[in-house]
Amino acid sequence: MDSIPGSIDLKKITPREQQILELVLTGNTSKQIARILKISPRTVEIHRTNILRRCGVTSTPQIVNLILKSAKDLEQQLSRSSNHLNEAQKIAHLGSWTVYLDSKEIEWSEEMYHLFECNPDSFVPNFDNLFEYILDEDKEKIKSKFNESLANNQPFEASYKIMTNSGREKYIRSNGVFHKDQNGLITYMTGISQDITYENDLKNHLLDDRYHALLNSVSDVVFIMSKDWGELTKLIGKDLLDNCSEPVKNWLDKYIYPEDHESFINNANTAYLNKTSFQMKHRLIKRDSTIVWVYSHAMPIFNDKNQIIEWLGVTYDLNKMLST
């Protein structure tokens, strides 16, 4: 076999030389190439000589071997890059994926199988199989956010819980973007997913510590609201209200006196838009249906991007405070 002294660089080969090289590699003679390209055989020979010189070789078989070697080198580089990417994903507990909208097929990186604790030899990632792992309480949320992102061609972002085959509950955060084809149609989405179980557990632990600190200083109500005040996510009511650990969407009607609804929501919206604390004197409907005047104060909790993720608040019984 001829040795390969040179290296191939297609940037050094003119477009016409690339045409001739492709035809040479498919077994065409100079005369055949001349007829195909409608140029003289002499011109073809000149281009062939230039190609050999630019590649640093002396014969066509050497060019073939050179291309094969270049392809093998590229394959090895891609393999090394892929290995580095896989290692990085393992360290970050982060996997990557692609969703094809027409076929509903999903391609997963190696780390995605680790996150979901699936066997890549037996598990086929697609919408139906994926939703088998997502807890029921989050399935509709994921579908709604995906459809909304698709309809508006906006980035997809969602956090949700999964249950692995071993019975472990994990918190996963996924982010993705849509891609269009040459006709402007959205055809697929690429994204990443990360295991945030530790981050979420740490957050809950810190919140629990804050509950205890607040409960030691106040004797009435501690509550957590969703970022947009759409849900009351946790409530420690002590003497005024029943404790609640499940999200409550009708909290306004359930706990706030009707005549105070409008001013309460206006204050909450102002605090949300300005990212400031919420403060208000209002009436509260106690567990025994009696009405009591209270003072509520809530502070916004921010993530590392200075975005509000929830509100942590307290409510004081004004009658009790005045009597002490």
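Report on the accompanying structure. (Residues numbered from 1 in each chain as written. Predicted model: local features only at pLDDT ≥ 70, side-chain atom pairs only at ≥ 80, totals over all residues. Heavy atoms only, no water.)

## Focus: the environment of Leu 21
Locating Leu 21 in the fold gives a position in helix 1 (residues 15–25). Taking relative accessible area as the criterion, Leu 21 reaches 7% and is therefore assigned buried. Separated by 27 residues in sequence, Leu 21 and Arg 48 place their C-alpha atoms 7.5 Å apart. (Helix = DSSP H or I, 4+ residues; strand = E, 2+ residues; numbered from the N terminus. Buried < 20%, exposed > 50% of the residue type's maximum accessible area, 1.4 Å probe, protein only.)

## Side note on the packing of aromatic side chains
Scanning the entire structure with this criterion turns up 16 aromatic pairs. Seen from their ring centres, Trp 108 and Tyr 113 are 5.2 Å apart, and the 75° between their planes marks the pair as edge-to-face. In this structure, Trp 108 and Tyr 113 share a single accessibility class: buried. (Phe/Tyr/Trp six-rings, centres within 6.5 Å; stacked < 30°, edge-to-face > 60°.)

## Observations concerning the layout of surface pockets
Roughly 350 Å³ of volume is contained in the second largest pocket. In terms of lining residues, the second largest pocket is bounded by 21 residues, among which Phe 127, Leu 130, Phe 131, Ile 142 and Phe 146 are the most central. If you list the elements that add at least two residues to the lining of the second largest pocket, you get strand 1 (94–100), strand 2 (106–108), helix 5 (110–116), helix 6 (127–131), helix 7 (136–152), strand 3 (156–163) and strand 5 (186–195). If you tally residues by element for the lining of the second largest pocket, the top one is helix 7, at five residues. Here the residues of the lining of the second largest pocket are counted per class, giving 16 nonpolar, three polar and two charged. (1 Å grid on protein atoms, 1.4 Å probe; cavity = no way out; pocket = protein on both sides within 12 Å on 5 of 7 lines; lining within 4 Å. Points joined across faces, edges and corners; volume = space filled by probe spheres on them. Nonpolar A, V, L, I, M, F, W, Y, C, P; charged D, E, K, R; others polar.)

## Focus: the environment of Leu 235
Mapped onto the elements of the fold, Leu 235 is located in strand 7 (residues 232–236). With 10 residues separating them along the chain, Leu 235 and Ser 245 place their C-alpha atoms 6.3 Å apart. Those residues in contact with Leu 235, other than ones at most four positions away along the chain, are Val 221, Val 222, Phe 223, Leu 241, Asp 242, Asn 243, Cys 244 and Tyr 255. (Contact = heavy atoms within 4.5 Å.)

## Some words on empty space enclosed by the protein
With the rule as written, the count across this model stands at one cavity of 30 Å³ or more. Space inside the largest cavity adds up to approximately 140 Å³. Surrounding the largest cavity, 14 residues form its lining, Phe 223, Met 225, Ile 256, Leu 284 and Thr 315 being those nearest its centre. Taken together, the elements giving at least two residues each to the lining of the largest cavity come down to strand 6 (221–226), strand 7, helix 9 (251–255) and strand 8 (278–285). When residues of the lining of the largest cavity are assigned to their parent elements, the largest contribution, three residues, is made by strand 6. Among the residues forming the lining of the largest cavity, the class breakdown is 11 nonpolar, three polar and no charged.

## Things to note about helix 2 (residues 30–37)
Residues of helix 2 that are buried: Ser 30, Ile 33, Ala 34 and Leu 37. Taken end-on, helix 2 shows its buried residues confined to a sector of 105°, consistent with a single buried face. The outward face of helix 2, more than 90 degrees from its buried face, is lined by the exposed residues Lys 31 and Arg 35. Count one or two residues on from helix 2 and you reach Lys 38, which has phi positive near 60°. (Arc of directions from axis to C-beta.)

## Overview of the side chain of Arg 283
Topologically, Arg 283 is positioned in strand 8. Residue Arg 283 is classed as buried on the basis of its relative accessible area, which comes to 18%. Excluding residues within four positions of it along the chain, Arg 283 makes contact with Tyr 255, Ile 256, Tyr 257, Glu 259, Asp 260, Ile 291, Val 292 and Trp 293.

## Concerning the pattern of salt bridges
One pass over the full model with this rule turns up nine salt bridges. A salt bridge links Lys 161 to Glu 137; its shortest N-O distance comes to 2.6 Å. Here the residue Lys 161 occupies a position in strand 3, and Glu 137 occupies one in helix 7, the gap between them amounting to 24 residues. You can call Lys 161 buried: its relative accessible area is 15%. Salt bridges sharing partners connect three or more residues here, namely Glu 117, Arg 168 and Lys 170. (Salt bridge = Lys/Arg side-chain N within 4 Å of Asp/Glu carboxyl O.)

## Some thoughts on the sheet that holds strand 10 (residues 308–317)
Taken in spatial order, the five strands of this open sheet run 7-6-10-9-8, and their pairing is antiparallel. Each edge of the sheet is formed by a strand with only one pairing partner; in this case those strands are strand 7 and strand 8. Adjacent strand axes in the sheet meet at a mean angle of 25°, parallel and antiparallel pairs treated alike. As judged from the four bridges shared by strand 6 and strand 7, these two strands associate in the antiparallel manner. Within strand 7, the residue paired with Phe 223 across the bridge is Leu 235. Contacts from helix 10 (residues 261–274) reach strand 8 and strand 10, with the element oriented near 155° to strand 8. (Pairing = 2+ DSSP bridges. Axes fitted to C-alpha atoms, helices over the stretch in contact; angles between N-to-C directions.)

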